[in-house]
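# An overview of the molecular structure
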Amino acid sequence: MFLSDLSYVFKWWPMFFAIGIIFLPLTTIIFSNFSDRGYIFSRILGIAVLSYIVFLLGVLKVLPFQMPTIILVCVICLIINLFVAKKTQFLTKLDFKENWRLYLLEEAIFLAALVFWSYIRGFQPDIHGLEKFMDFGFVNSILRADYFPPRDMWFTPFPINYYYFGHLVTALLTRISQIPSSITYNLMIASLFSLTFTASFSIGINLLSKLNATLRLRSGRERYTLYAIGGGLIIAFLATIGGNIHSIYSFFTPYTNGAPVPFWQLIFSPQNFPNAYWYPNATRFIFNTIHEFPIYSFVVSDLHGHVLDIPFVLLMIAILLSSFYSKNFKIPTLFLVSFLLAVMYMTNVWDAIIYFLLTALVIFYVRPKSGIYMNLLFLIGGTFLFSLPFSKNFTPFVSNIGILCAPKFLTDIGYVGPFLFEPNHCQKSPLWQLVILYGFFYFWVISFIIFLKLNAKRYTLNASDIFVGILIILSTILIIVPEFVYLKDIYPAHYRANTMFKLVYESFIMLSISSGYIIFKIFLDIKHSYLKLAVLIIGVMELFLVGIYPYFAINSYYAGLNSYKGLNGTSYLDSLYSNDYLAIQWINKNIKGQPVILEAQGDSYTDYARISANTGLPTVLGWTVHEWLWRGTYDIPAPRILDVQKIYELNINSSSEEFYTVQSGDYLIKIAAEIKFGDWRNLFELNKKTIENPNLIYPNQKLIIKGSVNNIDNSKLDNVKNLIKKYNISYIYVGDLERQKYPNLYEEKFSKLGKTIFKSGSTKIYKVN
């Protein structure tokens, strides 16, 4: 089956290659001081620029989000790049004759990583569980949109109030490739894995390329290139595949009841490796917090903003590194950095803040001629202008800055400006747990400091050392910040979870780059044999723990890689909800645009809202808690819960009828016997308009046991019509989950309001007149 999926991979990969080639002239100018001329970053820059221009045209209602628009934008970008190539001696700067092996290597690494993770995803491709419905729904809603902002598929008619630019990028690539979104969802995850690995590899070899003089590698270019490639691969491995040393718990009796203990207390309770190690514990180790890292994201495969933003993050780091080497920030560079900060804001807002800080640190060190503060003001203004088309349709849903462990006199006040002082909000991270999470990185940081101390007389810091030092300083600040402040959201018990999550995720990436650089640097230049041996022993042990994490994660999530299922992320529906699967396929084939479809409302992280998520058709209300978060208050989505129920259910207030409430474990024969009704078939006949299958009744469903179902009162039907008009509903979906959610569901009203246009088993779609 994987061989057939390879056809999708090899249809997907040339698109990245072509975008990269189009933007190579511009990239070569930006990265003229990189040994690889920023080859791999040309496709990341190209994707960002193409997506933004198409997005801007859609927001301004100039051109629709259709293939002709995308082709037109690609042609314009190609013409601009050809003009740049002609004016800047592109081929000379590219130095293809000298660098073609490196370009070929990076392309091979990109393709190999893409194929590898596509293969891994094929063992569990389901777009199901965690928050995949949300991500898939965003992509499908954007694909159905002609103009932007796209509609929120779970809260018609309002636009998505979330950071959706990365989902727009996915939709754009889906439209270009002409591959179904149920497959491109998984191809996008594989692409993010591949871009992360290859881009961090490129940063690695260019960090290391400045060490030639310092390390006195005078054995020729080929040997030096191999050193750089080896270091680049270490950095790529740590940033993309590496975990943390929490995997040391795999050697001991697992801790239970969510109460982790220091591993050294378990030394005398060893178990055969591997024990029942649960890989998500490495991302939820500190109480009530989240501290994920890239390989975990790639394994669980939610297409979230923090994952979609990784290529843009690495592009930003590369641009700052190039500017750091050139010791200057020119206007075009400021323009580009402003653009990328805006892209980050629209994809994962925290990253815009973090990498503005990194840019500021670089600017303060470089001290450009145009002035530090003028550069910073330019960045703020440019970021604001580039993100304005997004911001004018977006309302931030973070309310205040919370202060941890505030004294009582402040908690009695509650608020001071934007600052929030809440009582009993004093969670702190134990130092030993921070060591488990980040000890690997700081072992190398401390080793580097010792190395510099021992070699103070003969060693001079170079540009790469200083840049890595800046990454380490910022990463350390990001780890410390959640110990003092948090941004207030709707989660009372996990109040600092999101703050820690978004900050330390970027720390992990920057520390991975820094540690990989230090590993390479130390082992090439340490002259003290005993020190080198000690560092080698401890470092290899830690590297082993970091390296085995993906073994546990992949084997657990992908069931030991025992059964390959393919790349179609919706095929699971065929066995779980077969009628829904057929209905979704029918909708995607036959219903164009974004008319509203009514389906059962449900809680977050459930299977409800599956029709809107899998088709992109907006519904009245999907996952309620998510809408609560995005809209800022529960009061906004809450009234719709009852409205949806009123449309689906039978009004049972008639005094001429008596009812029986179905209990768990009931069935018609048992009920008929208990209430002395007589033949159960007569009971079924009496309730035929609310029970389609006599074997399917649900707890809390109301069964008529006396009287009959009369024609619907016109006033009640008018109420339903008014609700349908209020939400502009065009289609009503009735499936198994609707019958479970609304046990008194009454379909006869839908027959009066429209007609059946799809039927499979007990599942129907009604088109409202």
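Counting its secondary structure elements, the chain contains 32 helices and ten strands. Here the C-alpha radius of gyration of the chain, 29 Å, is about what a compact globule of 769 residues would show, namely 27 Å. Each of the 769 residues in the chain was classed as buried or not, and the buried ones make up 59%. Considering only contacts in the chain between residues 6 or more positions apart, those separated by 24 or more positions represent 76%. For the chain, the accessible area works out to roughly 31,600 Å², and carbon and sulfur atoms hold 63% of it. Computed over 62 positive and 46 negative side-chain charges, the inter-centroid distance for the chain is 9 Å.

Our focus in this paragraph is the packing of helix 9 (residues 181-208) against helix 14 (residues 310-326). At a closest axis distance of 9 Å, the pairing of helix 9 and helix 14 adopts a crossing angle of 15°. Between helix 9 and helix 14, the interaxial angle falls into the category roughly parallel. Judged by the twist between their axes, the crossing of helix 9 over helix 14 is left-handed. Within the contact between the two elements, helix 9 uses Leu192, Leu195, Thr196, Ala199, Ser200, Ile203, Asn206 and Leu207 and helix 14 uses Ile310, Pro311, Leu314, Ile317, Ala318, Leu321 and Tyr325.

With that settled, consider a nonpolar patch on the surface. Judged by side-chain polarity, Leu533, Leu536, Ile537, Ile538, Val540 and Met541 come together as a nonpolar surface patch covering roughly 540 Å² of accessible area. Its place among the elements puts Val540 in helix 22 (residues 529-557).

Moving on: the nonpolar core. Counting residues in each nonpolar core, the largest one holds 238 residues, and the members touching the most others are Phe41, Phe55, Trp117, Tyr279, Ile317, Tyr355 and Ile732. Setting aside chain neighbours within four positions, we find Tyr279 in contact with Tyr296, Val299, Val300, Tyr549, Phe552, Ala553, Ser556 and Tyr557. Membership of the second largest hydrophobic core comes to ten residues, among which are Leu668, Ile671, Phe684 and Ile691.

Further remarks concern the state of the cysteines. Two cysteines whose sulfur atoms are joined by a covalent bond form what is called a disulfide. Per the counting criterion, the structure on display carries one disulfide. Here Cys74 is not disulfide-linked; the sulfur of Cys77 is the nearest cysteine sulfur, at 6.7 Å.

Let us now look at the environment of Val84. Topologically, Val84 is positioned in helix 4 (residues 67-87). Distance in space between the C-alpha atoms of Val84 and Ile109 is 28 Å, their sequence separation being 25 residues. Ignoring any residue separated from it by four or fewer positions in sequence, one finds Val84 in contact with Pro25, Leu26 and Ile29.

As a further point, take the confidence of the model for the chain. With 94% of its residues at a pLDDT of 70 or more, the chain has an overall mean of 90. Every residue in residues 213-222 is under pLDDT 50, and counting partners more than four places away or in other chains gives eleven contacts.

The next point concerns the pattern of salt bridges. Between side chains of opposite charge, a pair can form as their charged atoms come close. Overall, the coordinates contain 16 salt bridges when judged by the stated rule. When the shortest N-O distance is used, the salt bridge between Asp152 and Arg631 registers 2.7 Å. Placement of Asp152 in the loop between helix 7 (132-144) and helix 8 (165-177) and of Arg631 in helix 26 (residues 624-631) is noted, with a sequence separation of 479 residues between them. Arg631 shares its class with Asp152; the two are buried. One salt bridge connects Arg610 with Glu738, and the closest N-O pair in it is separated by 2.8 Å. Of the two residues, Arg610 is situated in helix 25 (residues 610-615) and Glu738 in helix 31 (residues 736-741); the sequence distance between them amounts to 128 residues. Among the charged side chains, a salt-bridge network with shared partners connects Asp580, Glu599, Arg610 and Glu738.

Glancing now at the side chain of Glu292. Among the structural elements, Glu292 can be located in the loop between helix 11 (221-240) and helix 12 (294-300). Classification of Glu292 by relative accessible area gives buried; the value is 9%. At a separation of 2.8 Å, a polar atom in the side chain of Glu292 contacts the side chain of Arg284. Those residues in contact with Glu292 that sit more than four places away from it in its chain are Thr283, Arg284, Ser297, His306, Phe501 and Tyr505.

Another aspect to go through is the sheet that holds strand 9 (residues 754-760). Read across the open sheet, the four strands follow the order 5-8-10-9; overall the sheet is mixed. In this open sheet, the two edge strands, each paired with only one partner strand, are strand 5 (596-598) and strand 9. Neighbour-to-neighbour, the strand axes of this sheet turn through a mean angle of 25°, independent of strand direction. Sheet topology places strand 9 next to strand 10 (residues 763-768); six bridges connect them, and they run antiparallel.

Scanning the entire structure with this criterion turns up 70 aromatic pairs. Between Tyr119 and Tyr564, the aromatic rings sit 5.8 Å apart at their centres with planes inclined by 15°, giving stacked as the arrangement. Taken together, the positions of Tyr119 in helix 6 (residues 96-121) and Tyr564 in the loop between helix 22 and helix 23 (573-576) put the pair 445 residues apart, joining distant regions of the chain. Assessed through its relative accessible area of 18%, Tyr564 is described here as buried. The aromatic ring of Phe484 is capped on one face by Lys428, whose charged end is 4.3 Å from the ring centroid. Seen from the ring of Tyr608, Lys741 lies directly overhead, with NZ or CZ sitting 5.5 Å from the centre.

With that out of the way, let us pick up helix 9. The end-to-end C-alpha distance of helix 9 is 39 Å, a good match for the 40 Å that 28 residues give at a rise of 1.5 Å each. Of all 28 residues in helix 9, 28 are buried, a share of seventy percent or more.

For a regular strand, side-chain orientation follows a simple rule: the groups alternate between the two sheet faces. A large share of strand 10 lies buried, amounting to five of its six residues. Bridging between strand 8 (residues 729-734) and strand 10 involves four bridges; their strand directions are antiparallel. Across the sheet, residue Ile732 finds its bridge partner in strand 10, namely Tyr766. Taking the residues between adjacent antiparallel strands as the criterion, strand 9 and strand 10 are bridged by two residues, where Gly761 takes a positive phi near 60°.

Attention now goes to the sheet that holds strand 3 (residues 419-420). Each strand in a sheet pairs with another by means of backbone hydrogen bonds, the pair being arranged parallel or else antiparallel. Taken together, the four strands give an open sheet; going across it, the order is 2-3-1-4, and neighbouring strands pair in mixed fashion. Two strands in the sheet have a free side with no partner beyond their single neighbour: strand 2 (415-416) and strand 4 (485-487).

Scoring rules and cut-offs
Residues numbered from 1 in each chain as written. Predicted model: local features only at pLDDT ≥ 70, side-chain atom pairs only at ≥ 80, totals over all residues. Heavy atoms only, no water. Helix = DSSP H or I, 4+ residues; strand = E, 2+ residues; numbered from the N terminus. Rg over C-alpha atoms; globule rule 2.2 N^0.38 Å. Buried < 20%, exposed > 50% of the residue type's maximum accessible area, 1.4 Å probe, protein only. Contact = heavy atoms within 4.5 Å. Areas by Shrake-Rupley, 256 points an atom, 1.4 Å probe, with all protein chains shown as cover. Lys, Arg positive; Asp, Glu negative; His and termini not counted. Charge placed at Lys NZ, Arg CZ, Asp CG, Glu CD. Axes fitted to C-alpha atoms, helices over the stretch in contact; angles between N-to-C directions. Parallel < 35°, antiparallel > 145°, perpendicular 65-115°, else oblique. Left-handed = near helix turned anticlockwise from the far one by under 90°. Patch = residues over 30% accessible without salt bridge, like charges linked within 9 Å, V, L, I, M, F, W, Y side chains within 5 Å. Salt bridge = Lys/Arg side-chain N within 4 Å of Asp/Glu carboxyl O. Core = buried A, V, L, I, M, F, W, Y, C linked by side-chain atoms within 4.5 Å. Disulfide = S-S within 2.5 Å. pLDDT = per-residue confidence, 0-100. Polar contact = N/O pair within 3.5 Å; in protein donor to acceptor, adjacent residues only side chain to side chain. Pairing = 2+ DSSP bridges. Phe/Tyr/Trp six-rings, centres within 6.5 Å; stacked < 30°, edge-to-face > 60°. Lys NZ or Arg CZ within 6 Å of the ring centre and 35° of its normal. Expected span 1.5 Å × (residues − 1).

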